[in-house]
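# Per-entry structural report
Read off the chains here:
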Amino acid sequence: MPVAPLRADWMAFPRGDIGVRLARTTADRSACLDLRREVFIAEQGVSEADEWDGLDDGALHLLAVEDGRPVGTARMRWMPGGQAKAERVAVVATRRHCGVGRLLMEAVVAQAAAGGATRVVLGAQVSAIPFYERLGWTADGPVFDDAGIPHRHMQLALDAPGAARSGESEGGAVFPPGRRTS
Ligand SMILES: CC(C)(COP(=O)(O)OP(=O)(O)OC[C@H]1O[C@@H](n2cnc3c(N)ncnc32)[C@H](O)[C@@H]1OP(=O)(O)O)[C@@H](O)C(=O)NCCC(=O)NCCS
């Protein structure tokens, strides 16, 4: 997967009116949570307890915006062993299959690479596995239940640290090593 350069807030991707930015403001963070409420809780029936798992404060949140309107979100956390984990990837139902999910995942990978991760992992809903596979991810391991939805582990190996940092000087790593969770 190509890795886009980082900028201070916006990650510019060649997709017309759709952009992905780090959710740094209260308003953007709220927009991310609203999208998750709409997609995971209201649409997919995930419980509030499962969705609000207490890990949001330590995570990086990304917001996809189209014409000023929030249309997608994703969360990323650092894991032991130089891995980053993508979570809560969601695009509003009316804007699916328009490339928003791809942009979000490119942004996650760019952030992970900039922070020195060698691998990005996630637990994919089985129905979403073909989406991730199109982006180069590989599924492994058995199907497992998460919030009542069948999932499989997936991963994407990144290039050697430093190889994908073309724009890092503009925005820097979002999570320097000292902030990694374990
Ligand atoms: C899964 C999800 C994030 C995909 O987002 P999206 O914006 O629709 O994806 P994109 O439009 O960027 O699709 C990228 C590619 O994957 C393909 N794709 C997307 N969803 C797919 C699916 N469910 N099955 C097969 N292919 C899929 C697209 O056709 C596209 O392929 P192309 O580049 O060859 O044209 C979105 O469907 C979603 O939010 N679903 C509900 C929440 C969810 O299940 N999240 C995943 C949790 S693990």
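Residues numbered from 1 in each chain as written. Predicted model: local features only at pLDDT ≥ 70, side-chain atom pairs only at ≥ 80, totals over all residues.

Our focus in this paragraph is the pairing of strand 8 (residues 149-157). Two elements, strand 6 (residues 119-125) and strand 8, share seven bridges in a ladder whose sense is antiparallel. In the strand pairing of strand 8, Arg119 is matched with Ala157. In this sheet, strand 8 lies alongside strand 7 (residues 138-146) in antiparallel orientation, the contact comprising six bridges. Bridge assignment links Thr138 to a residue of strand 8, and that residue is Gln155. The turn linking strand 7 back onto strand 8 is made up of two residues, and Ala147 within it adopts a positive phi angle of 60°. (Pairing = 2+ DSSP bridges. Helix = DSSP H or I, 4+ residues; strand = E, 2+ residues; numbered from the N terminus.)

Before going further, it helps to examine unusual backbone geometry. In this model, Asp67 sits at a positive phi of 50°, which is unusual for a non-glycine residue. Along the chain, Asp67 falls in the loop between strand 3 (60-66) and strand 4 (69-79). You can call Asp67 exposed: it has 9 C-beta atoms within 10 Å. The backbone phi angle of Arg88 is positive, close to 55°, even though this residue is not glycine. Turning to its location among the elements, Arg88 is positioned in strand 5 (residues 83-91). (Buried ≥ 20, exposed ≤ 12 C-beta atoms within 10 Å, placed from the backbone.)

What follows is about the pairing of strand 3. Each regular strand shows side chains that alternate between the opposite faces of the sheet. For strand 3, the buried fraction is high: five of the seven residues fall into the buried class. Taken together, the five bridges between strand 2 (residues 18-22) and strand 3 define a ladder with antiparallel strand orientation. Residue pairing for strand 3: Leu22 is matched across the bridge by Leu62. Of the strand pairs in this sheet, strand 3 and strand 4 are connected by seven bridges, and their pairing is antiparallel. Among the inter-strand pairings, His61 is bridged to a residue of strand 4, identified as Arg75. Once strand 3 ends, the chain turns through two residues before running back antiparallel as strand 4, passing Asp67 with a positive phi of about 50°.

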